[in-house]
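In case you want the letters, here they are:
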Amino acid sequence: MQAVLALCYFCETHGPRVLMTTQSIPENLRQDYCLPTTSKGSPTFISAESFRTHLTEELRCVACTSFVDGTGLITDDVEAGISYITTQVALNDRVYQLVKYSCLHSLSCEVTATPKDEAPMSPMKSRAASIPLGAKKWESPWEKTNTEAKDGVILFGDDEHGYTLSYTFRLRDYKARGFLRLLSLILVSIDKLFITSNYHFFVSTMSSAIRFLQVMLC
C-alpha cells in the first residue's frame, strides 16, 4: 500500500465515519480480490460477489452510507497495470484500521486555515448597517470567516498508525445542523516521505475537488 484516499464525514448520529475509500491494487494481486476485467479507463460498478470486502459492524444511517451491500467502483489503468477500487471500507483489516484511525483524528484536529485578505469584523459591533437587506446570513465577513475556521490542511501520524494528509471542509446542506456538513479528504500512507515530497500536488488536487463540490452546492 503506497497510499489510500478516503472521504470522511462527521455524522450527527454516529460520529466520524468513512464514506468511501479508494486504494490501488497491482495487477499481480488482482486474483486475491477476484477483480473482474474492465475496459481501459472505464469505471465499472461491481457487486460483493465479485470480490472480497471487509465487513464492518459499525452502525450507519443514510447520511453516512455510500455503497450498500458491499458494492464498489473499479477503474483499471491498463498501461500502469493498476486497478483503483472504491468501496465504503477498505479491502483488508490493516488498511481499514489505519483509515478509521485517520478519519477520527482528521475530523477532530485543529487545522491551518488559509489567511483571508478580508479581516473579520468584531462580533461585538453591530452589523445592521453593513449588511445589505435580503443578503444571506453566511455572506457577512465575520460569519463567513467563522464558517471557514475549521477548513484547512493538517499533516499528522507516526510509524505505528501511518501518516495522514487531511483536508477538512464543509458543504452547505439545509437539512444539516447549522446548514453545514463537516467532511474531510484524507490521504493515508505508511511512507511519510511520499506525502511530504508530493505535498503541494496533493493539496492542490484536494482543493480543486473540494472547490468543485462547494460550487455545485451553492
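Rules used in this analysis
Per-chain numbering applies: the sequence of each chain, read as written, is numbered from 1 onward. With the structure being a predicted model, the display of local features is reserved for residues of pLDDT at least 70 and the display and counting of side-chain atom pairs for 80 or more, all residues being used for whole-chain, interface and lining totals. Excluded from the side-chain calculation are hydrogens and water; included are all heavy atoms of the structure. Under the scheme used here, helices are H or I runs from DSSP no shorter than 4 residues and strands are E runs no shorter than 2 residues, and both carry numbers assigned from the N terminus. One speaks of a salt bridge when a side-chain nitrogen belonging to Lys or Arg is within 4 Å of a carboxyl oxygen belonging to Asp or Glu. Here's how the labels work: a residue is buried when its accessible area is under 20% of the maximum for its type, exposed when over 50%, partly exposed in between, all with a 1.4 Å probe on protein chains only. Each Phe, Tyr or Trp ring, with Trp reduced to its six-membered ring, pairs with another whose centre is within 6.5 Å; inter-plane angles below 30 degrees give stacked pairs, above 60 give edge-to-face pairs, and intermediate values give tilted ones. Residues enter a nonpolar core if they are buried and are Ala, Val, Leu, Ile, Met, Phe, Trp, Tyr or Cys, with the set joined through side-chain atoms within 4.5 Å. Whether two residues touch is decided by their heavy atoms; if any such pair falls within 4.5 Å, the residues are in contact. The disulfide criterion is simple: two cysteine sulfur atoms within 2.5 Å. Following DSSP output, two strands are said to pair if at least two bridges run between them.

As recorded in an unreviewed UniProt entry, the chain goes by UDENN FLCN/SMCR8-type domain-containing protein and comes from Brugia timori.

S.K.: Run through the environment of Gly15, naming residues and quoting values.
M.R.: Mapping Gly15 onto the fold places it in strand E2 (residues 15-26). Once the C-alpha coordinates of Gly15 and Arg60 are considered, the two residues, 45 residues apart in sequence, prove to be 9.6 Å apart.

S.K.: Help me get a handle on the pattern of salt bridges, residues and values and all.
M.R.: For the structure shown, the criterion picks out one salt bridge. The partner of Asp173 in a salt bridge is Arg181, with the nearest N and O atoms 2.6 Å apart. The class of Asp173 is partly exposed, set by a relative accessible area of 22%.

S.K.: Tell me about the packing of aromatic side chains, and please be specific about residues and values.
M.R.: The way to describe two aromatic rings as a pair is by their centre distance and the angle between their planes. For the structure shown, the criterion picks out two aromatic pairs. Between Phe194 and Phe202, the ring centres sit 5.6 Å apart and the planes meet at 55°, which makes this aromatic pair tilted. Neither Phe194 nor Phe202 differs from the other in exposure class; each is buried. Measuring from centroid to centroid gives 5.7 Å for Phe201 and Phe202, while their planes differ by 55°, and the two rings are tilted. We classify Phe202 as buried; its relative accessible area is 14%. Taken together, the aromatic side chains of Phe194, Phe201 and Phe202 make up a single cluster linked through ring pairs.

S.K.: Describe the nonpolar core, naming the residues involved and giving the relevant values.
M.R.: Counting residues in each nonpolar core, the largest one holds 21 residues, and the members touching the most others are Leu165, Phe169, Leu183 and Leu187. For this core, the leading source of residues is strand E7 (residues 162-172), giving five residues. Non-local contacts of Leu187, meaning those with residues more than four positions away in its chain, are made with Ala3, Val4, Leu5, Tyr163, Thr164, Leu165, Ile195, Phe202 and Met206. Counting 14 residues, the second-largest nonpolar core is a separate cluster that includes Val4, Tyr96, Leu107 and Ile186.

S.K.: Give me the state of the cysteines: which residues, what numbers.
M.R.: Tallying each qualifying case throughout the model produces zero disulfides. Between Cys103, a free cysteine, and Cys8, which holds the nearest cysteine sulfur, the sulfur-to-sulfur gap is 3.6 Å. When its relative accessible area of 2% is taken as the criterion, Cys103 is described as buried.

S.K.: Tell me what's going on with the pairing of E7, and back it up with residues and numbers.
M.R.: Among the eleven residues of E7, nine are classified as buried, and the element is accordingly described as predominantly covered. With seven bridges connecting them, strand E6 (residues 152-158) and E7 associate as antiparallel partners. In the sheet register, Leu155 faces E7, and the bridge partner there is Leu165. The pairing of E7 with strand E8 (residues 180-189) spans ten bridges and is classified as antiparallel. Across the sheet, Arg170 pairs through a bridge with Leu182, a residue of E8.

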